[in-house]
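# Fold and geometry: a report
Residues per chain, in single letters:
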Amino acid sequence: MRTDAETIKLTVADKSWTFELRSGSEGPDVIDIGSLYDKTGMFAYDPGFTSTASCESAVTFIDGDEGVLRYRGYNIDQLVKQRSYTDVCYLLLNGELPELEQSKEFESHITYHTLVHEQMSHFFRGFRRDAHPMAIMTGVVGALSAFYHDSTDITDPQQRQVASMRLIAKVPTLAAMAYKYSVGQPFVFPKNDLDYSANFLRMCFAVPSEDYASDPVLARAIDRIFMLHADHEQNASTSVVRSAGSSGANPFACIAAGIACLWGPAHGGANEAVLKMLESIETPDNIPSFIERAKKKDDIFRVMGFGHRVYKNYDPRANIMRETCHEVLDHLGIHNHPLFEIALELERRALSEEYFISKRLYPNIDFYSGITLRALGFPTNMFTVLFAVARTVGWVAQWNEMIDDPKRKIARPRQLYTGSQERHI
Ligand code: SDX
């Protein structure tokens with residue numbers, strides 16, 4: 001932890017400028033280059049933000065080399081083993097784990113926001129039945145701002161609090177509705193006597209023609225998957241939510257923007273892409289040819305579920321996800337699941353390949369989540385929707401932190417212009 005204000009000097013030809021070095025509570029120090037353009041007339045250039053801190057944040061800490069993921073200082077493996085998803089929501093939003101009474105009150109508060117305005121169901125009928133559920137979610141989550149006008153004023157902390165609870169509570173309801181619509185089954189209303197994850201599973205898989213028995217093992221597995229996906233520092237979709245929020249857009253619109261960004265196969269869409277990849281591999285015998293393809297520059301094939309911008313050692317979530325996958329398959333009696341066998345063999349072979357070792361490519365959370373979700377009964381096109389359900393609380397927590405930042409400015413990067421200079425018609 002840096003104490004005195006140290007500086008770094010930038011020298012170009014006969015000119016030099018100094019910039020302040022700053023330390024956080026953990027992780028790399030930063031060079032504060034906010035005055036770079038004013039002082040030097042030059043921009044910094046970092047198109048993928050690989051070396052750029054976009055904000056200060058106290059929500060989530062990741063150490064890519066050590067495989068560390070902490071929500072408000074608590075390691076993810078401890079949270080997954082000892083707490084619930086709604087407790088993790090409370091932690092991410094409030095900075096502390098809830099005491100028992102606080103936990104019950106918070107979960108009850110969420111429960112009584114799970115219904116959506118009945119007119120929202122009409123939006124679904126405008127989509128084709130084969131619409132991708134993420135296309136539906138991008139639309140209907142944004143449409144929440146057309147219904148809940150009493151929680152769109154971002155200058156009112158009370159309205160932001162209500163919008164935060166509504167988003168965490170209603171996104172799973174809309175996600176279940178998107179699934180039901182895609183399979184042509186009637187929507188299932190939330191039940192207030194079920195916990196968050198059991199409620200979600202019931203809204204997805206119950207049918208009016210028979211009673212639905214919640215399976216506590218599967219509900220616990222989904223709750224654990226939600227905790228693993230809840231937040232992840234300044235990833236692409238969180239950066240989009242912060243950027244949208246910096247313009248003063250309402251919270252529902254900001255979360256819809258995050259959902260749109262998460263959909264990409266390089267980000268949250270990877271779990272769906274992993275399943276498609278495993279299915280295309282067909283048998284473990286084909287793995288070597290796919291690994292060879294992944295190594296070729298001119299081949300677009302990548303081993304989906306491998307690699308990460310931050311984790312260059314291992315993704316701590318992947319290990320827990322693999323355990324959860326095993327538990328779910330065993331509980332369901334799906335031993336020797338062919339896709340799981342292919343995944344295990346692909347992981348084993350890739351981790352011994354020089355290409356993957358040299359580029360520090362390890363399985364990320366998406367490598368095993370897809371198999372688990374398929375075993376739970378979700379179709380592949382719902383995988384990223386579940387990621388969005390889980391990540392809503394992280395987006396909301398980061399959005400609130402950004403709004404509360406007294407130094408908040410609209411996110412407006414500059415560019416290195418390489419186009420035509422002035423010319424005349
Ligand atoms: C998530 O940011 C987050 O925190 C995201 C996330 C979250 O919780 O929000 O963790 C969730 O998005 C996890 C990542 C899911 N995506 C995938 O599994 C898709 C496959 N992975 C790759 O697309 C890639 O690894 C990224 C996008 C995840 C990371 O890309 P980077 O950091 O920009 O790294 P890169 O693409 O520059 O790769 C470095 C090298 C390249 O080779 P060279 O150009 O140096 O020769 O590694 C190669 C890449 O070609 N490489 C791969 C690879 N991933 C990277 N080669 C084969 N297979 C892969 N999966």
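Residues numbered from 1 in each chain as written. Predicted model: local features only at pLDDT ≥ 70, side-chain atom pairs only at ≥ 80, totals over all residues. Heavy atoms only, no water.

Under the criterion given, the structure shown has 20 aromatic pairs. Ring centres of Tyr 85 and Phe 226 lie 5.4 Å apart, and the angle between their planes is 55°; on these two criteria the pair is classed as tilted. Taken together, the residues span a long stretch of sequence, with Tyr 85 in helix H3 (residues 85-94) and Phe 226 in helix H9 (residues 216-228) at a distance of 141 residues. Comparing Tyr 85 with Phe 226, the two get one shared label, buried. Taking the centre distance of 5.2 Å and the plane angle of 75° together, the rings of Tyr 355 and Phe 356 count as edge-to-face. Cluster of aromatic residues (ring-pair linked, three or more members): Tyr 85, Tyr 179, Tyr 196, Phe 200, Phe 205, Phe 226 and Phe 378. When the ring centre of Tyr 181 is taken as origin, the NZ or CZ atom of Arg 129, which lies over that ring, is 4.0 Å away. One residue, Arg 414, lies across the ring of Tyr 37, its end atom 5.9 Å from the ring centre. (Phe/Tyr/Trp six-rings, centres within 6.5 Å; stacked < 30°, edge-to-face > 60°. Helix = DSSP H or I, 4+ residues; strand = E, 2+ residues; numbered from the N terminus. Buried < 20%, exposed > 50% of the residue type's maximum accessible area, 1.4 Å probe, protein only. Lys NZ or Arg CZ within 6 Å of the ring centre and 35° of its normal.)

A word on the site of the ligand. Lining the immediate environment of the ligand, one finds 24 residues, of which His 232, Lys 297, His 308, Arg 317 and Arg 391 sit closest. Residue His 267 places a side-chain N or O atom 3.0 Å away from an oxygen atom belonging to the ligand. Between Asn 364 and the ligand, the recorded distance is 2.9 Å, taken from a side-chain N or O atom to an oxygen atom. For the ligand, the protein covers 76% of the area, taking 1,000 Å² as the surface of the free molecule. Of the residues that constitute the shell around the ligand, the class distribution is ten nonpolar, seven polar and seven charged. (Near = heavy atom within 4 Å. Polar contact = N/O pair within 3.5 Å; in protein donor to acceptor, adjacent residues only side chain to side chain. Areas by Shrake-Rupley, 256 points an atom, 1.4 Å probe, with all protein chains shown as cover. Nonpolar A, V, L, I, M, F, W, Y, C, P; charged D, E, K, R; others polar.)

Consecutive side chains along a regular strand alternate between the two faces of the sheet. Alternating residues of strand S5 (residues 68-71) divide into Val 68 and Arg 70 and Leu 69 and Tyr 71, and every residue in both groups is buried. Where strand S4 (residues 60-63) lies against S5, four bridges are found, and the strand directions are antiparallel. Paired with Thr 60 across the two strands is Tyr 71, which belongs to S5. What sits between S4 and S5 in their antiparallel hairpin is a turn of four residues, with Gly 67 showing a positive phi close to 65°. Between the end of S5 and the start of strand S6 (residues 74-75), which pair antiparallel, lie two residues, with Arg 72 showing a positive phi angle near 50°. (Pairing = 2+ DSSP bridges.)

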